[in-house]
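Commentary on secondary and tertiary structure
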Amino acid sequence: IDFDLVLENVKDLNALAGEGISQIKHTPGGARLRQPNPLSLTLYQNGIIMSNGPFRPYEDPSTQQCLQDIMDGYFPSELQVRYPDGI
């Protein structure tokens with residue numbers, strides 16, 4: 001796993017997802033600005049934790065696919081179910 005590439009691509013993906021950009025949320029009395037909720041990714045020597053989920057060792061095929069998606073410059077494909085309209 002190329003951790004430097006993972007970190008570089010996470011920064012790029014965060015920018016694409018609108019990191020630091022407020023969104024308008026309509027309320028009954030008008031509107032408010034809000035920041036999108038971040039999705040956390042913690043890298044460890046022997047695995048990852050994503051979004052307060054369980055520890056996932058690097059040997060797990062789903063973890064390998066997740067990191068491969070990021071190294072290829074894409075959002076992890078496993079997030080498509082959770083975010084069908086994109087992140």
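Here's what I pulled together on the structure shown here. Computed from a prediction, not measured in an experiment: that's the story for all the values here. (Residues numbered from 1 in each chain as written. Predicted model: local features only at pLDDT ≥ 70, side-chain atom pairs only at ≥ 80, totals over all residues. Heavy atoms only, no water.)

A word on unusual backbone geometry. In this structure, S51 takes a positive phi of about 55 degrees despite not being glycine. Positionally, S51 belongs in the loop between β4 (47–50) and β5 (56–57). Despite not being glycine, N52 shows a phi value in the positive range, around 60 degrees. Tracing the sequence through the fold places N52 in the loop between β4 and β5. (Helix = DSSP H or I, 4+ residues; strand = E, 2+ residues; numbered from the N terminus.)

Among the nonpolar cores identified, the biggest contains nine residues, and these are V6, I48, M50, Y58, C66, L67, I70, M71 and L79. Breaking this core down by element, the ones donating at least two residues are β4 and α2 (61–71). Element by element, the count of residues in this core is highest for α2, at four residues. (Core = buried A, V, L, I, M, F, W, Y, C linked by side-chain atoms within 4.5 Å. Buried < 20%, exposed > 50% of the residue type's maximum accessible area, 1.4 Å probe, protein only.)

On to the sheet that holds β4. Taken in spatial order, the three strands make up an open sheet running β3-β4-β5, and their pairing is antiparallel. Looking at strand neighbours, the two that pair on one side only are β3 (41–43) and β5, the edges of this open sheet. As paired elements, β3 and β4 share three bridges and run antiparallel to each other. Considered in β4, the bridge of T42 is made with I49. (Pairing = 2+ DSSP bridges.)

With that settled, consider the environment of L79. Following the sequence through the fold, L79 ends up in the segment after α2. L79 gets classed as buried once you look at its relative accessible area, which sits at 8%. Note: C-alpha distance between L79 and C66 (13 residues apart in sequence) is 9.2 Å.

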